[in-house]
Amino acid sequence: MYSTKDDKAKSHRDGLTSDCFLQYQGKKTVLSATEYQTIQEILTMIRKGIAFTIVSQNKYMTAEEAADFLNVSLAYLIQILDDGEIPYLKVENHRQVLTEDVVLYQQQRDKNRHQILQEFSQGLKEDGLYDLDYDEVNEIINS
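Draft legend 1. Highlighting the sheet that holds strand β5 (residues 94-98). Spatially, three strands are ordered β3-β5-β4 in an open sheet, and the strand pairing comes out antiparallel. The strands lining the two open edges of the sheet, one partner per strand, are β3 (60-62) and β4 (89-91). When the angles between neighbouring strand axes are averaged without regard to direction, this sheet yields 40°. As defined by bridge partners, β4 adjoins β5 across three bridges and the pair is classed as antiparallel. Note on β5: the bridge partner recorded for Val-91 is His-94.

Draft legend 2. Structural view of a negative patch on the surface. A cluster of acidic residues, Asp-133, Asp-135, Glu-136 and Glu-139, forms a negative patch at the surface. Looking at the element boundaries, Glu-139 is found in helix α6 (residues 134-142). Given the relative accessible area of 59%, Glu-139 is considered exposed.

Draft legend 3. Main features of the side chain of Arg-109. Relative to the assigned elements, Arg-109 resides in helix α5 (residues 99-126). Since its relative accessible area comes to 15%, Arg-109 is described here as buried. Once residues lying within four places of it in the same chain are set aside, the contact partners of Arg-109 are Leu-70 and Val-72.

What counts and what doesn't
Throughout this document, residue positions are counted from 1 along each chain, in the order its sequence is written. In keeping with the predicted nature of the model, local features appear solely for residues at pLDDT of at least 70, side-chain atom pairs appear and are counted solely at 80 or more, and the whole-chain, interface and lining totals rest on all residues. Side-chain measures were taken over the full set of non-hydrogen atoms in the model, leaving aside hydrogen atoms and water. Any two strands with at least two DSSP-identified bridges between them are counted as paired. Under the scheme used here, helices are H or I runs from DSSP no shorter than 4 residues and strands are E runs no shorter than 2 residues, and both carry numbers assigned from the N terminus. Comment: axis = line fitted to C-alpha atoms, over the contacting stretch for helices; angle = value between 0 and 180 degrees taken between N-to-C directions. A patch consists of residues exposed above 30% relative accessible area that lack any salt bridge, with like charges linked at up to 9 Å and nonpolar side chains (Val, Leu, Ile, Met, Phe, Trp, Tyr) linked at up to 5 Å. Using the Shrake-Rupley algorithm and a 1.4 Å probe, accessible areas are obtained, with residue cover drawn only from the displayed protein chains. Whenever a carboxyl oxygen of Asp or Glu lies within 4 Å of a side-chain nitrogen of Lys or Arg, that contact is scored as a salt bridge. Under this rule, positive means Lys or Arg and negative means Asp or Glu; His and the chain ends count for nothing. To locate a charge, take atom NZ for lysine, CZ for arginine, CG for aspartate or CD for glutamate. Three labels apply to residues, based on accessible area from a 1.4 Å probe with only protein chains included: buried if under 20% of the type maximum, exposed if over 50%, partly exposed otherwise in between. Should any heavy atoms of two residues lie within 4.5 Å, those residues are considered in contact.

Worth remembering: the numbers are spatial, not functional.
This is how it looks when you write it as structure tokens:
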């Protein structure tokens, strides 16, 4: 796999081992343990049919790209930016946001949503409304 002892020593210094590699059409590419684990996670998601997006953490997105990524309208994203919830740069008349900041916002938003749903669900259980069907809920509302 290595053409010289120096190649082998360098690859071990870089965290690469001969145990992890990709091979396609006779060409081998040595992988670090981190690269191998990432590929394993991606393959697992593909096999389970889980949707995912791969984005570069060190690049900027346009406001339109960020809105698409967050699945919100451009107008709503501009409001989020203007409210200071996501930092941005303005280049001429265009807003640019770091991908990392958009991902962090998304994670915090999803965490907050999950907490609100948990609290709402707990309240329904405490009030004895969690297992009611539509007709029972409608009767309670209209009485």
